[in-house]
Each structure stands twice: as C-alpha cells, then as structure tokens.
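Survey of secondary and tertiary structure
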Amino acid sequence: MPLPGEMFYRMKPNSLRKGFKPQAESISLDLRSRLNLKATDACPARQVAHLLQIQVVSIQMLRKIAEQHLTIEFPNSAHLDTSLKTLENRDTQFSAMATIIGEHRIIIFNELNSIARQESDIMHELAHVICEHPGNCLSQKLRKYDPQHENEAIWLGATIQIPEAGLFQLVREGRTNQQIADNYGSSLQMATYRRNILGIDIRISRSNKSTTGPVINKA
Ligand SMILES: [Zn+2]
C-alpha cells in the first residue's frame, strides 16, 4: 500500500539502481506500442491493467461485494468488514494496493481520490506487479514497506504515465505543464515534477543554443 499523498515527491531518484530509469522508459514505450499508443498519448492505467490481465476494483465496490456475499459465506466476517470500512474511510487516505485473490491479480484503489490521483495510484501498483517485487503485490498480505521497491514503483509508475520521449516532444512543441497534465490524465504536480526531474527544459535549451528554439511555457 503506497503512502498517501503525492508519492513522487518523497522518492530519491538517485537511489535507483543503475539502468533502472532507461528500463522504465522502455517499459513505458513498449506498453504503449502494445496498446497502439504513441509516446505523446495518454496510457490509461486501466488499459494497462487489462493488457496485463489484472483486474481493477475500488475499495468501495469491494466492500459492497463483501457486504452482499461474504456475510452469507462467512458469518463471522465482522473483522473483514471492519478492515474494509477502515480502508474506505476518507480519513485513512487509502491509495491503492495489489493483491491476489484466488487466481486473480487485483488492484484495489480508492474512488474517493481525484481521477488524476486514482490514475497514478493504480499505475504505481501496476509498476509493483511489472517489477515482480517479491512478497509485495504478489502476496495476499498487505505489502511490507521496502524503500527500494517503493522508489522503483514510484519511478516506473510515473514513467508509464508520462514517458520521457513524449514529454520531451510536448515541451518542445511549447505545451504548458497544465496542457501536459491534461494530455496524460495526470495531476499538474506530476507533470511539473517529471518535467523538472528529467531536466527537459535545460536539455531543450542546450539543443537549441545555436538556433532560435520554440518558446517554452512553464505555467
Ligand atoms: Zn508501493
């Protein structure tokens, strides 16, 4: 279960193992190509989940299902009900988690969060699954917190959402951070973060140094 809030602010990109960032970019572009999408296209998390045969269900929906069915099957399901209610509660700030129920890989998310936040939450869990973090998503228990795995999932989740190649192109075309966020269905903070952490503007201005380049809007 990821930490609540905008997780990417908390990560230390330098702590990622060598080669992970280019690998993440290539996973992002590969998923897009399998979905017939370009680097500048949004790659909706639910489409990625469908491609990887992972079901996505909200905690609210899961509780409804549990309420309607599990009480018949499991008369002593009060504990489960309490747990789900706790996760569903707005104050808990539950983001998402990946788990296996029977043979089904499932990502559970919180539909009370904004659409952009749901997108990055689900993407983060998909990243854990893609990285095959042992004992995490692929376990029936709640994930143990592993800082290395968290950093990888944060970076990969964000890269699938906004690949470097697409971001570079959109900034080059003069798109604003808000337009980039709208384009990828991300939060404005996520688009701004990716643009800054990848040094997109610096790289474009370097490549344009000898010529007059496009006007870059940061707003
Ligand atoms: Zn995580």
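Keep in mind that this is a model prediction, so the values were computed, not measured.

Counting secondary structure elements, the protein contains ten helices and three strands. Sequence-ordered secondary structure for the protein, helices as α and strands as β, is α-α-β-α-α-β-β-α-α-α-α-α-α. Expressed as a percentage of the 219 residues in the protein, the buried residues total 33%. For the protein, the proportion of contacts with a sequence separation of at least 24, taken over those separated by at least 6, is 67%.

What follows is about the packing of helix α8 (residues 177-184) against helix α9 (residues 188-197). Axis separation between α8 and α9 bottoms out at 8 Å; the angle between their running directions is 110 degrees. With respect to α9, the axis of α8 lies roughly perpendicular. The element α8 and its partner α9 pack so that their crossing is right-handed. In this structure, α8 uses Asn177, Gln178, Ile180, Ala181 and Tyr184 to contact α9, whose residues at the interface are Leu188, Met190, Ala191, Thr192 and Arg195. Class assignment of the residues belonging to the contact of α8 with α9 gives a composition of six nonpolar, three polar and one charged.

As a further point, take helix α1 (residues 20-34). Between the first and last C-alpha of α1 there are 21 Å, a value that for 15 residues agrees with the 21 Å anticipated at 1.5 Å per step. When we look at burial in α1, the residues that qualify are Ala24, Ser28, Leu29 and Arg32. Viewed end-on, α1 has its buried residues packed into an arc of 130 degrees, placing them on one side of the element. Away from its buried face by more than 90 degrees, α1 exposes Pro22, Asp30 and Ser33. On its buried face, α1 sits against α6 (147-161) and α7 (164-172). Positioned one or two residues after α1, Asn36 has a phi angle of 55 degrees, which is positive.

Each value, and the rule that gives it
- Residues numbered from 1 in each chain as written.
- Predicted model: local features only at pLDDT ≥ 70, side-chain atom pairs only at ≥ 80, totals over all residues.
- Helix = DSSP H or I, 4+ residues; strand = E, 2+ residues; numbered from the N terminus.
- Buried ≥ 20, exposed ≤ 12 C-beta atoms within 10 Å, placed from the backbone.
- Contact = placed C-beta atoms within 7 Å.
- Axes fitted to C-alpha atoms, helices over the stretch in contact; angles between N-to-C directions.
- Parallel < 35°, antiparallel > 145°, perpendicular 65-115°, else oblique.
- Left-handed = near helix turned anticlockwise from the far one by under 90°.
- Nonpolar A, V, L, I, M, F, W, Y, C, P; charged D, E, K, R; others polar.
- Expected span 1.5 Å × (residues − 1).
- Arc of directions from axis to C-beta.

The values are spatial; any link to function lies outside them.
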